[in-house]
Amino acid sequence: FHSAFLYHACKAGMDMGIVNSQQVEEDVYEKIDKELLKHVEDVMFNRHPDATEAMLNFAAKLDPKSKPCALKYKDGSGPAAPAFVATPKQNYTTENKIAPKPASELPPVPKYAKWVDPVKPSAAFDVINKIMEERIMVIDGAMGTAVQKYKLTEADFRGERFKNHTHDLKGNNDILVITRPDVIEEIHTKYLEAGADIIETNTFNSTMISQLDYELDIKEVVYDLNKTAAQLAKKCCVAMTKKDPSRPRFAAGAVGPTNKTLSVSPSVENPAFRGCTYDEIVDAYYEQVEALIDGGVDVLLVETIFDTLNAKAALFAIDKFFAKWGQKIPVFVSGTIVDNSGRTLSGQTNEAFWNSVSHSKPIAIGLNCALGAKDMVPYIENLSKAADCWVFCYPNAGLPNAMGGYDQKGHEMADDCRVFPEKGLINAIGGCCGTTDDHIGCLAKMVSEFKPRKKHPVKDIMRLSGLQPFNYDPDTNDYRKTFINLGERCNVAGSTIFKKAIVDGNYEKALAIALKQVENGAHVIDVNMDDGLIDGESAMTRFVNLMVSEPDVSKVPFMIDSSKFHVVEAGLKCSQGKCIMNSISLKGGEEEFLKQATIVKRHGAAVVVMAFDEEGQAATEAEKVRICCRAFKLLVEKVGFNPQDIIFDPNILTIGTGMEEHNNYGVDFINATREIKRLCPGCKISGGVSNLAFSFRGNEPVRRAFHSAFLYHACKAGMDMGIVNSQQVEEDVYEKIDKELLKHVEDVMFNRHPDATEAMLNFAAKLDPKSKPCALKYKDGSGPAAPAFVATPKQNYTTENKIAPKPASELPPVPKYA
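Scoring rules and cut-offs
- Counting restarts for each chain: residues are numbered from 1 in the order of the written sequence.
- Side-chain atom pairs in this predicted model are given and counted only at pLDDT of 80 or more, local residue features only at pLDDT of at least 70, and totals for whole chains, interfaces and linings cover all residues.
- The basis for every side-chain value is the complete set of heavy atoms in the structure, and neither hydrogens nor water enter the calculation.
- Secondary structure elements follow DSSP: runs of H or I no shorter than four residues count as helices, runs of E no shorter than two count as strands, and numbering proceeds from the N terminus.
- Three labels apply to residues, based on accessible area from a 1.4 Å probe with only protein chains included: buried if under 20% of the type maximum, exposed if over 50%, partly exposed otherwise in between.
- Any two strands with at least two DSSP-identified bridges between them are counted as paired.
- Contacts were defined at the residue level, with two residues in contact if any of their heavy atoms lie within 4.5 Å.
- Axes, fitted as lines to C-alpha atoms, cover a helix only where it is in contact. Angles between the N-to-C directions of the axes lie from 0 to 180 degrees.
- In these notes the angle categories are as follows: under 35 degrees is roughly parallel, over 145 is roughly antiparallel, 65 to 115 is roughly perpendicular, and the rest is oblique.
- Working rule for handedness: look at the near helix, and if it is turned counterclockwise from the far one by less than a right angle, call the crossing left-handed; if clockwise, right-handed.
- The classification used treats Ala, Val, Leu, Ile, Met, Phe, Trp, Tyr, Cys and Pro as nonpolar, Asp, Glu, Lys and Arg as charged, and all other residues, Gly among them, as polar.
- One fewer than the residue count of a helix, multiplied by 1.5 Å, yields its expected span.
- Each residue gets a pLDDT score, which is the predictor's confidence in that residue and runs from 0 to 100.
- Residues are called lining when one of their atoms sits within 4 Å of a cavity or pocket point, these points coming from a 1 Å grid over the protein atoms alone, where a cavity is a set in which a 1.4 Å probe fits but cannot get out and a pocket is an open set with protein on both sides within 12 Å along at least five of seven lines.
- Grid points are joined across faces, edges and corners, and a volume is the space filled by probe spheres set on the points.
- The convention is simple: Lys and Arg are positive, Asp and Glu are negative, and His and the chain ends are not counted.
- A carboxyl oxygen of Asp or Glu within 4 Å of a side-chain nitrogen of Lys or Arg is what we treat as a salt bridge.
- Crossovers are marked right-handed if the path from the first strand over the helix to the second runs clockwise, as seen with the strands pointing away from the viewer.
- The criterion for an aromatic pair is that two Phe, Tyr or Trp rings (for Trp, the six-membered ring) have centres within 6.5 Å, with stacked assigned to planes under 30 degrees apart, edge-to-face to planes over 60 apart and tilted to the rest.

S.K.: Even after reading the chapter, I still don't get unusual backbone geometry, so can you show me in this structure?
M.R.: What you tend to see is this: most non-glycine residues have negative phi, and most peptide bonds are trans. A cis geometry characterises the amide bond from N582 onward to S583, with omega recorded as 20°. With respect to the helices and strands, the residue S583 is situated in strand β16 (residues 580–584). Even without a glycine there, the phi angle at A370 is positive, about 65°. With respect to the element layout, A370 can be found in the loop between β8 (364–368) and α15 (373–386). Judged by its relative accessible area of 26%, A370 falls in the partly exposed class.

S.K.: Could you clarify how one ought to interpret the sheet that holds strand β2 (residues 137–138) in this entry?
M.R.: The strands that make up a sheet are held in pairs by hydrogen bonds between backbone atoms, and each pair lies either parallel or antiparallel. If you walk across this open sheet you meet the eight strands as β2-β10-β9-β8-β7-β5-β4-β3, and the pairing is parallel. Unpaired on one side and paired on the other, β2 and β3 (198–200) mark the two borders of the sheet. Strands β3 and β4 (250–255) of the sheet are contacted by helix α11 (residues 219–243), whose axis makes an angle of about 160° with β4.

S.K.: Honestly, the packing of helix α21 (residues 536–548) against helix α23 (residues 565–572) in this entry has me stumped. Any pointers?
M.R.: For any two helices packed against each other, the geometry is given by the interaxial angle and the distance between the axes. One can describe the packing of α21 onto α23 by two numbers: an axis separation of 8 Å at closest approach and a directional angle of 20°. Between α21 and α23, the crossing angle belongs to the class labelled roughly parallel. Where α21 crosses over α23, the two elements pack in a sense that is right-handed. Where α21 approaches α23, its residues G536, E537, M540, T541 and V544 are matched on the opposing element by H566, V567, A570 and G571. When grouped by side-chain class, the residues that make up the contact of α21 with α23 number four nonpolar, four polar and one charged.

S.K.: Sorry if this is basic, but what is going on with helix α9 (residues 181–194) here?
M.R.: Residue pairs spaced three or four apart in an α-helix point in one direction, given the helix's 3.6 residues per turn. In a regular helix each residue adds 1.5 Å, so 14 residues correspond to 20 Å; α9 covers 20 Å between its end C-alpha atoms and thus fits that length. Where α9 is concerned, the buried positions are V183, I184, I187, H188, Y191 and L192. For α9, the elements touching its buried residues are α6 (143–148), α8 (176–179), β3, α11 and α18 (437–447). Within two residues after α9, G195 carries a phi angle of roughly 120°, on the positive side.

S.K.: Sorry if this is basic, but what is going on with the environment of G687 here?
M.R.: Tracing the sequence through the fold places G687 in the loop between β21 (684–685) and α27 (700–717). Here G687 is in contact with D649, I652, M719, M721, G722 and I723, once residues within four sequence places are set aside.

S.K.: Help me understand the confidence of the model for the chain in this model?
M.R.: Regions with low pLDDT carry predicted coordinates that are not meant to be interpreted in detail. Residues of the chain with pLDDT of at least 70 account for 96%, and the chain-wide mean is 93. Contacts for the low-pLDDT stretch residues 80–89, under 50 throughout, to residues beyond four places or in other chains number ten contacts. Per-residue pLDDT stays below 50 along residues 785–794; that stretch engages in eleven contacts with residues further than four places along the chain or on separate chains.

S.K.: I'm lost on empty space enclosed by the protein in this one. Help?
M.R.: Take a probe with the size of a water molecule and roll it over the atoms, and the empty space left behind shows itself. All told, the structure shown has three cavities of 30 Å³ or more when counted by the stated rule. Taken as a whole, the largest cavity holds about 60 Å³ of empty space. Partitioned by chemical class, the residues of the lining of the largest cavity number five nonpolar, six polar and no charged. Put simply, the second largest cavity is a space of about 50 Å³. Lining the second largest cavity are G656, N663, V748, N751, H753, P754, A756 and T757. Classifying every residue of the lining of the second largest cavity by side-chain character gives three nonpolar, five polar and no charged.

S.K.: It is not clear to me how the side chain of R453 should be interpreted in this structure. Could you clarify?
M.R.: For R453, the location among the structural elements is in the loop between α18 and β11 (462–465). Within the buried set, R453 has no salt-bridge partner at all; the shortest N-O distance to an opposite charge, 7.3 Å, is to D388.

S.K.: I would appreciate a short explanation of the sheet that holds strand β14 (residues 524–528) in the present structure.
M.R.: With parallel pairing, the eight strands of this open sheet are ordered in space as β21-β20-β17-β16-β15-β14-β13-β22. The open sheet terminates on both sides in strands that have one partner only, identified here as β21 and β22 (721–724). Pairing between β16 and strand β17 (residues 606–610): four bridges, direction parallel. Counterpart to N582 in the pairing with β17 is V608.

S.K.: How should I be thinking about the pairing of strand β7 (residues 331–335) in this particular structure?
M.R.: Regular strands place side chains that alternate from one sheet face to the opposite one. In terms of burial, β7 is a largely internal element, five of the five residues being buried. Of the two faces of β7, both are covered, the one formed by V331, V333 and G335 as well as the one formed by F332 and S334. Here four bridges tie strand β5 (residues 299–305) to β7, and the two strands are oriented parallel to one another. The residue of β7 that forms the bridge with I305 is G335. Both β7 and β8 contribute to a ladder of four bridges, which runs parallel. Bridging from a neighbouring strand, V333 pairs with I365 of β8. The β-α-β motif built from β7, the intervening helix α14 (residues 350–357) and the parallel element β8 has right-handed crossover chirality.

S.K.: What is the right way to look at the packing of aromatic side chains in this model?
M.R.: The geometry of an aromatic ring pair is captured by the separation of the ring centres together with the interplanar angle, meaning the angle of the planes. By the definition in use, this model includes 16 aromatic pairs. Plain terms: the ring middles of Y7 and Y29 are 3.7 Å apart, the flat faces sit at 5° to each other, and that makes the pair stacked. A residue pair is termed long-range when its members are at least 10 positions apart, and Y7 in helix α1 (residues 2–11) and Y29 in the loop between α2 (21–26) and α3 (34–44) qualify at 22 residues. The interplanar angle of 15° and the centroid separation of 6.1 Å between the aromatic rings of F392 and Y394 together place this pair among those described as stacked.

S.K.: How should I be thinking about the pattern of salt bridges in this particular structure?
M.R.: Here the idea is simple: oppositely charged side chains can pair when their charged atoms come close. Per the stated rule, a full pass over the model turns up 37 salt bridges. Across the salt bridge formed by E449 and R418, the nearest N and O atoms sit 3.4 Å from each other. Taken as a pair, E449 in the loop between α18 and β11 and R418 in the loop between α16 (410–417) and α17 (419–422) lie far apart in primary sequence, 31 residues in all. The class of E449 is exposed, set by a relative accessible area of 53%. For E614, the salt bridge identified is with R630, shortest N-O distance 2.9 Å.

S.K.: For this particular structure, what's the right way to read helix α26 (residues 665–679)?
M.R.: The terminal C-alpha atoms of α26 lie 21 Å apart, and with 15 residues this matches the ideal 21 Å at 1.5 Å per residue to within 8%. In terms of residue burial, α26 counts as a mostly covered element, since 13 of its 15 residues are buried.

So this is what it looks like as structure tokens:
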């Protein structure tokens with residue numbers, strides 16, 4: 001076009017132009033392929049109405065990298081090659097290349113060894129499990145309420161050790177284990193005498209972060225607070241157990257929520273800001289746990305959880321310490337529902353909360369504080385149904401009065417709490433704010449009449465969460481019905497609009513894109529910041545924090561997506577929900593794979609495993625199956641990953657490229673999906689669906705038809721989820737796709753004949769590139785019933801030379817310029 005236009009324009013007097021200098025010198029007009037030149041000049045000179053259509057048909061046959069004076073066709077031939085006419089029946093196969101093989105031809109499903117936790121459990125596990133099977137255990141009451149009765153002074157809190165401290169210490173109850181241990185010992189003893197089986201250490205605020213309020217954020221002091229408190233509680237338990245060996249007592253290391261929240265910004269102006277980092281919280285908890293265990297606690301109680309991300313940080317620290325110690329003790333986890341909405345302060349429902357922390361395998365899960373017993377019932381009931389471990393509660397003594405105190409007496413609280421054992425909801429009960437040894441005595445007497453809750457099986461499925469639970473229970477007869485749409489538009493590689501918003505620092509616009517995806521049906525939001533222009537870790541942290549602050553976005557789980565592990569981990573550290581981590585692979589070898597998988601498990605995320613190994617990317621069915629089976633064995637046998645949380649991405653690779661070795665990629669993925677699901681029981685299959693038809697980008701009906709048809713068949717083979725345009729995959733119903741378009745698409749997808757791509761390209765060239773696969777339009781404006789276009793250049797053809805100079809007699813005179 002450039003060469004021909006310059007040839008004629010220069011004849012008319014064109015002097016100069018902005019051009020590719022090398023090309024215009026090389027593409028000599030007289031040497032241009034004659035058939036190509038004819039089509040070009042038909043368009044350029046507007047010789048007939050179908051000139052552009054004919055040009056497009058001809059252009060579809062050309063090698064796009066060849067040159068106009070040395071033309072090549074896509075089949076490799078030169079300009080003398082005959083015009084291509086698609087004949088689908090030539091070398092056409094009707095073989096069903098994705099049909100399941102007979103069972104007799106399949107290898108047996110491997111027997112995977114059961115994971116053996118290298119961290120050895122303490123004796124307390126068996127003892128507590130046995131007691132909870134037999135009776136309802138009793139937890140102590142409030143420490144603060146008991147301390148208030150002693151009317152202690154500033155001098156009591158300071159003691160000898162802190163008498164010259166620069167900050168007031170009254171109100172810092174935790175310090176009393178050092179300055180007035182007699183008071184704390186007496187409180188512990190009263191609770192034990194009232195019938196408590198478990199007493200909590202006086203360490204609710206004994207972290208570096210919380211002690212900063214009193215200028216006691218000193219490692220030595222914080223260590224002493226925790227160790228001394230543990231020794232004191234353990235001493236009381238040993239003494240009481242000695243009096244009655246048939247009823248052992250347990251010291252629980254109290255791990256409070258701190259005075260910081262990782263999911264809520266302290267700044268109204270900046271919702272992405274956080275007053276503390278995840279790593280700082282983890283470090284503070286690690287130090288506390290280490291000291292509590294050094295002091296001899298029997299169990300750990302992560303309690304009063306108003307922000308699940310804080311709890312996840314505590315559980316991360318606990319698991320990290322256990323791994324180093326080589327032993328573990330039972331962990332109780334207790335959340336806090338702040339009002340009758342049934343949610344934590346950071347917005348999670350209690351089932352979503354359970355999904356977020358269940359990876360830590362607590363011996364018991366429960367709720368405490370904020371509510372009285374009556375208001376807590378429906379949430380304990382829900383937790384009891386969802387959890388596969390023991391369940392407990394320790395409510396407040398009713399609701400606070402106008403002065404913030406609690407008026408409910410022990411027998412009144414016991415009456416309100418009777419509903420828990422009557423319904424068979426609990427295995428342990430205690431008291432929180434406003435409760436005393438009297439309340440605990442009344443509760444102990446009341447529950448002695450009832451049998452404990454029985455553990456029940458919970459269906460083993462993948463359970464994710466945002467603010468709400470997302471429990472994936474697939475329809476194994478039709479995976480398309482339960483397909484998980486992973487929203488792709490918050491991926492800088494998948495959306496130029498999103499990428500521009502991030503590069504420009506327009507995070508409000510980026511957040512609006514996330515919200516739109518949820519509104520359009522995304523079940524999970526995929527977030528990827530991998531781009532050379534973006535600081536991935538910083539952008540991921542800021543954006544996930546921002547998403548967390550928007551309830552209509554954060555109600556769904558997130559997929560934290562990056563090829564850089566540190567970027568993925570940065571995202572996981574910002575989300576209180578149970579995420580999907582995308583991805584790890586065997587590309588760097590087994591050692592790196594196992595290390596990263598262990599960290600992901602510690603974060604409580606499901607994991608995507610790409611079908612890569614040390615030799616590269618899996619392309620064929622056999623390679624995909626081999627690599628995924630190898631990864632599955634490592635994850636279940638050496639890491640202890642729940643198979644339900646293992647998601648394989650066996651690589652959806654591009655088809656329709658014109659390269660013969662790519663032709664079977666669609667078939668290979670679908671067949672590999674079926675076999676991986678069979679050989680790796682419980683695993684899930686995912687993939688980036690938009691990769692499939694990348695060679696048809698710009699032609700919306702073709703690409704979208706490929707996506708819909710591929711999902712239809714891949715889901716029949718067991719595909720569970722995919723990174724998709726949520727709105728389009730809901731709209732483009734397979735059964736409603738234009739039949740002629742679908743035939744071409746499936747000919748390519750199933751590699752039915754060698755010329756399938758060529759026929760697809762010819763057909764695609766006739767389509768309106770902005771139309772939809774279920775409402776197809778041709779470029780001439782007609783609908784799907786229009787006959788296939790056949791270019792007939794001589795029809796309405798003109799030989800008129802539209803650029804010939806006019807006779808001088810027909811020209812106006814040249815103006816006389818002053």
